[in-house]
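The residues making up each chain are set out below.
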Amino acid sequence: MHNCQHVRSAGSKQSRYGYRLGREIPVRIGLSGTPFPETPLDAYGVYRFLDPSIFGTRFDAFTQRYAITDIFHRPRAYINQDELKEKIDSLRLTISPEGYELPEFQHIVVTVALPEKVQRFYKTLEQDLYGKIENGEVTVANAAVLFTKLQCVCSGFILLDREESHDAQHKGTQHALSFLRQAVGATASCVHADVDDATLSGWQEGARSGASGSDDGGEHGSSRGDGRRLQTLHTVKADALRDILLSVPLTESVVVYARFHVDLAKIHEVAHECGRQSVEISGRPGRPQAQLQGGKWVEGPETVMVVQGATGVEGIDLTRASKAVYYSYVLELGKYLQSCARIRRPGQVQRCVYYHIVCTGTVDSKIRRLLANKRSVLDGLLQEHEE
């Protein structure tokens, strides 16, 4: 199984299918450069496919053996790690091309500061889960959505809430009250005694967020068709990227990673301003995608490869470039580690340089620290937020 890390999440459809598939195949081999990218517990799903006898087929028993969890079953500490490593090594084989060593590498953090006005908006949004900007307002449904919105602010944009009048909001609340009364068969006084308008408004907001699948929408481009508008906030990251590209000779290629579709469009714009042609790997509808030969980026007129971090970081060879820029991060350690290996892999002969454009004093700095320490990003952010 190539990229066997995809079956690491024990409850996922991929992992369950991998287990069923493994039972029908007498010889099973898993290939990956990052088999357990998030936590030691990732080993369970992979080894359930390879050999269920090593860790068994009960994830709860496996977790109790190798982790201390909180009341929400999230790991807070890991135990019996020597035993876990010994069992992992019973099947693990690490190989590298004979006589080949990967080139040296360097990580350079390029710090930028948000404009003062945007800083105030950022702090308000972070503390109150609500912020007001010139052309509209922004509200946040939960902590996980908050991190994405804060990343959007760091990138230089935000998706404003829909424009709704107070009358429309009140009408929606009254409709929800009426529906609730009918559903529980309660009287008006009974309903109002237990559920106020603010609570019902929160339920409505949660329902809208759940139906859309994402409260942010930044990864879907500048228009969602749902009445929300894209507000440009600043260009500090674009300016930093411009400086990086101008410092690299035009004959050298550069890979730029970003999370949001809005970021991808901005990166293409900056590349064009620097006199470079660009191409992308993203899966964005309506956008021409890079044509790779055997999974490899070959010579051509384009010297900037724009890659969306969630889709273009596995199974491809970008060793044509020896420099990579992180414009915005995907909140997955495994994806990040895979992205680093796109340019620093067999076939690369140049020293590799990774530039990280980080807004100081923001979620960018926290994500960078977690990635550098090879910690699970989302879990780390949630834990810091709770503290």
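Observations concerning the packing of aromatic side chains
Summed over all chains, the structure comprises 13 aromatic pairs. Look at Y47 and F55: their rings are 5.6 Å apart centre to centre, the planes differ by 65 degrees, and that puts the pair in the edge-to-face class. Across the pair, exposure class does not vary: Y47 and F55 are buried alike. Members of the aromatic cluster, joined through ring pairs, are F36, Y44, Y47, F55, F59, F62 and Y66. It is K237 that lies over the ring of Y327; its NZ or CZ is 6.0 Å from the centre. Over the ring of W297 we find R320, and its NZ or CZ is 4.4 Å from the ring centre.

A closer look at the confidence of the model for the chain
For the chain, the mean per-residue pLDDT works out to 81, and 82% of the residues sit at or above 70. Every residue in residues 165-174 is under pLDDT 50, and counting partners more than four places away or in other chains gives seven contacts. Below pLDDT 50 for its whole length, residues 179-223 participates in 61 contacts with residues either more than four positions away or in separate chains.

Brief notes about the packing of helix α1 (residues 13-23) against helix α2 (residues 43-50)
Look at α1 against α2: their axes get within 7 Å of each other, and the N-to-C directions meet at 25 degrees. Considering their axes alone, α1 and α2 lie roughly parallel with respect to each other. Of the residues in α2, those in contact with S15, R16, G18, Y19 and G22 of α1 are G45, R48 and F49. Residue composition of the contact of α1 with α2, by class: two nonpolar, four polar and two charged.

Details of the packing of helix α4 (residues 59-66) against helix α5 (residues 81-89)
Following both chains from N to C, one finds α4 and α5 inclined at 125 degrees, their axes separated by 9 Å at the closest point. With respect to their mutual orientation, α4 and α5 come out oblique. Here α4 contributes F62, R65 and Y66 to the contact with α5, which in turn contributes Q81, E83, L84 and K87. Grouping the amino acids of the contact of α4 with α5 by side-chain chemistry returns three nonpolar, one polar and three charged.

Focus on the sheet that holds strand β10 (residues 302-308)
The strand order across the open sheet formed by six strands is β3-β12-β11-β8-β10-β9, and the pairing between neighbours is parallel. The open sheet has two edge strands with one neighbour each: β3 (105-112) and β9 (277-281). Taken pair by pair, the neighbouring strands of this sheet meet at an average axis angle of 20 degrees, ignoring direction. Bridge count for β9 against β10 is five bridges, and the pairing is parallel.

Here's the deal with a positive patch on the surface
Taken together, the side chains of K13, R16, R20 and R23 present a region of like positive charge at the surface. Examined against the element boundaries, K13 turns out to sit in helix α1.

Some thoughts on the side chain of R284
Assignment of secondary structure puts R284 in the loop between β9 and β10. R284 gets classed as buried once you look at its relative accessible area, which sits at 12%. Of the polar contacts made by the side chain of R284, one reaches the side chain of E280; its length is 2.8 Å. Each residue touching R284, except ones within four places of it in the same chain, is listed here: H261, L264, A265, H268 and Q289.

Notes on a nonpolar patch on the surface
Side chains of M1, Y17, L21 and I25 sit close together on the surface and give an oily, nonpolar patch of about 320 Å² of accessible area. Relative to the elements of secondary structure, L21 occurs in helix α1. Taking the relative accessible area as the measure of exposure, L21 reaches 32% and is therefore partly exposed.

Regarding the pattern of salt bridges
Within this structure, the stated rule accounts for 17 salt bridges. Its salt-bridge partner being D364, residue K237 comes within 2.8 Å of it at the nearest N-O pair. Taken together, the residues K237 in helix α11 (residues 236-247) and D364 in helix α14 (residues 363-372) connect sequence positions 127 residues apart. For K237, a relative accessible area of 1% puts it in the buried group. A relative accessible area of 1% places D364 in the buried class. Ionic pairing is found between R242 and E273, a salt bridge with its closest N-O pair at 2.6 Å. Within this pair, whereas R242 is found in helix α11, its partner E273 is found in helix α12 (residues 261-273), the two being separated by 31 residues in sequence. On the basis of relative accessible area, R242 is assigned to the partly exposed category, the value being 22%. Through salt bridges that share partners, R65, E83 and K87 make up one connected network.

Conventions adopted
Residues numbered from 1 in each chain as written. Predicted model: local features only at pLDDT ≥ 70, side-chain atom pairs only at ≥ 80, totals over all residues. Heavy atoms only, no water. Phe/Tyr/Trp six-rings, centres within 6.5 Å; stacked < 30°, edge-to-face > 60°. Buried < 20%, exposed > 50% of the residue type's maximum accessible area, 1.4 Å probe, protein only. Lys NZ or Arg CZ within 6 Å of the ring centre and 35° of its normal. pLDDT = per-residue confidence, 0-100. Contact = heavy atoms within 4.5 Å. Axes fitted to C-alpha atoms, helices over the stretch in contact; angles between N-to-C directions. Helix = DSSP H or I, 4+ residues; strand = E, 2+ residues; numbered from the N terminus. Parallel < 35°, antiparallel > 145°, perpendicular 65-115°, else oblique. Nonpolar A, V, L, I, M, F, W, Y, C, P; charged D, E, K, R; others polar. Pairing = 2+ DSSP bridges. Patch = residues over 30% accessible without salt bridge, like charges linked within 9 Å, V, L, I, M, F, W, Y side chains within 5 Å. Areas by Shrake-Rupley, 256 points an atom, 1.4 Å probe, with all protein chains shown as cover. Salt bridge = Lys/Arg side-chain N within 4 Å of Asp/Glu carboxyl O. Lys, Arg positive; Asp, Glu negative; His and termini not counted. Charge placed at Lys NZ, Arg CZ, Asp CG, Glu CD. Polar contact = N/O pair within 3.5 Å; in protein donor to acceptor, adjacent residues only side chain to side chain.

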